[in-house]
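Here is how the chains run, residue by residue.
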Amino acid sequence: AQTVTQSQPEMSVQEAETVTLSCTYDTSESNYYLFWYKQPPSRQMILVIRQEAYKQQNATENRFSVNFQKAAKSFSLKISDSQLGDTAMYFCAFVALSGYALNFGKGTSLLVTP
Amino acid sequence: GAVVSQHPSWVICKSGTSVKIECRSLDFQATTMFWYRQFPKQSLMLMATSNEGSKATYEQGVEKDKFLINHASLTLSTLTVTSAHPEDSSFYICSAHLNREETQYFGPGTRLLVL
């Protein structure tokens, strides 16, 4: 079974600062997909970033970037220039085969303070 | 990004009644949709996988006769909570798989309160 671990239940960062959220996973598959989703207070799940395991280059989306370490099975999310609107629950997710259900971590609650 | 809608966003019903929740992919076709349940301050719990034109696959512990899923078209999946009880009160979220992006997009969720 694939498991996803987010070891930081809560984090806090000041506006304009940088914060890194950790995620590790366990799998015996060689190819898979990793995602970060955010869930703000509205509870709408929003895709933040996606990484395909066979791509060595780390994915980036504007202020969001990942540090994908395949050998270490680590997939951390870096948020640069944090904004108040980044306050949300962040979920790391894994799927071995496209089209199958996601395996979610327990989430990290991020609070961005003024 | 792709858009997924859910309707209704809020529903309050009496114990013993049935409630239908719709999940639509608005700008893409989805052969596979998923239904999740989320308790406060917890992660998403997969209930079932819905494939267009075939029976849904339910996760262990999810009663298929209680949570009826129908994926009648490539843009619509429905979840019907039959004979609802207060313990069914929860936040239900659907997602739709977009093949060309190999990514799931989520609906805004439905808050169900059973009195």
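Residues numbered from 1 in each chain as written. Chains lettered and ligands numbered in written order. Predicted model: local features only at pLDDT ≥ 70, side-chain atom pairs only at ≥ 80, totals over all residues. Heavy atoms only, no water.

**Q** Hey, could you run me through the interface of chain A and chain B in this one?
**A** By a widespread convention, an interface's size corresponds to the accessible area lost as its parts come together. On the side of chain B, 21 residues touch chain A, which itself brings 21 residues to the contact. Overall, the association of chain A and chain B removes approximately 1700 Å² of surface from exposure, summing both partners, and the carbon and sulfur fraction of that is 51%. On inspection of chain A and its partner chain B, the count reaches 0 salt bridges. The interface formed by chain A and chain B includes 11 residue pairs in polar contact (both at pLDDT 80 or more). Contributing elements (two or more residues each) for the side of chain A that touches chain B: strand 5 (33-39) and strand 6 (46-52) of chain A. When residues of the side of chain A that touches chain B are assigned to their parent elements, the largest contribution, 4 residues, is made by strand 5 of chain A. Looking at the side of chain A that touches chain B residue by residue, the classes come out as 11 nonpolar, 6 polar and 4 charged. (Contact = heavy atoms within 4.5 Å. Buried area = accessible area lost by both parts, 1.4 Å probe. Salt bridge = Lys/Arg side-chain N within 4 Å of Asp/Glu carboxyl O. Polar contact = N/O pair within 3.5 Å; in protein donor to acceptor, adjacent residues only side chain to side chain. Helix = DSSP H or I, 4+ residues; strand = E, 2+ residues; numbered from the N terminus. Nonpolar A, V, L, I, M, F, W, Y, C, P; charged D, E, K, R; others polar.)

**Q** When you look at the pattern of salt bridges in this model, what are you seeing that I'm missing?
**A** Should the charged atoms of two oppositely charged side chains come close, the side chains can pair. All names here are of chain A. Scanning the entire structure with this criterion turns up 6 salt bridges over all chains. Residues Lys-55 and Glu-52 are paired through a salt bridge, measuring 3.3 Å at the closest nitrogen-oxygen approach. Look at Lys-55 and you get partly exposed, because its relative accessible area is 41%. For Glu-52, a relative accessible area of 9% translates into the label buried. (Buried < 20%, exposed > 50% of the residue type's maximum accessible area, 1.4 Å probe, protein only.)

**Q** How do you make sense of the environment of Ser22(A) when you look at a structure like this?
**A** Looking at the element boundaries, Ser22(A) is found in the loop between strand 3 (19-21) and strand 4 (24-26). Among residues more than four places away in sequence, those in contact with Ser22(A) are Thr5(A), Gln6(A), Ser7(A), Gln8(A), Trp36(A) and Ser76(A).

**Q** When you look at the packing of aromatic side chains in this model, what are you seeing that I'm missing?
**A** Centre-to-centre distance and the angle between the planes together describe a pair of aromatic rings. In this structure the tally under the stated criterion is 14 aromatic pairs over all chains. On the basis of an interplanar angle of 85° and a centroid distance of 5.1 Å, the ring pair of Tyr37(A) and Phe106(B) is categorised as edge-to-face. Linking Tyr37(A) in strand 5 with Phe106(B) in strand 10 (residues 103-106), this pair reaches from one chain into another. The pair Tyr37(A) / Phe106(B) is uniform in exposure class, with both members buried. (Phe/Tyr/Trp six-rings, centres within 6.5 Å; stacked < 30°, edge-to-face > 60°.)

**Q** How should I be thinking about the sheet that holds strand 7 (residues 67-73) of chain B in this particular structure?
**A** Strand-to-strand pairing in sheets goes through backbone hydrogen bonds, with the strands running parallel or antiparallel. Residues and elements named next belong to chain B. Taken in spatial order, the 4 strands make up an open sheet running 1-3-8-7, and their pairing is antiparallel. Two strands in the sheet have a free side with no partner beyond their single neighbour: strand 1 (4-7) and strand 7. Looking at each pair of strands side by side, their axes are set apart by 15° on average, direction ignored. In this sheet, strand 8 (residues 76-81) lies alongside strand 7 in antiparallel orientation, the contact comprising 5 bridges. (Pairing = 2+ DSSP bridges. Axes fitted to C-alpha atoms, helices over the stretch in contact; angles between N-to-C directions.)

These figures come from the coordinates and say nothing about function on their own.
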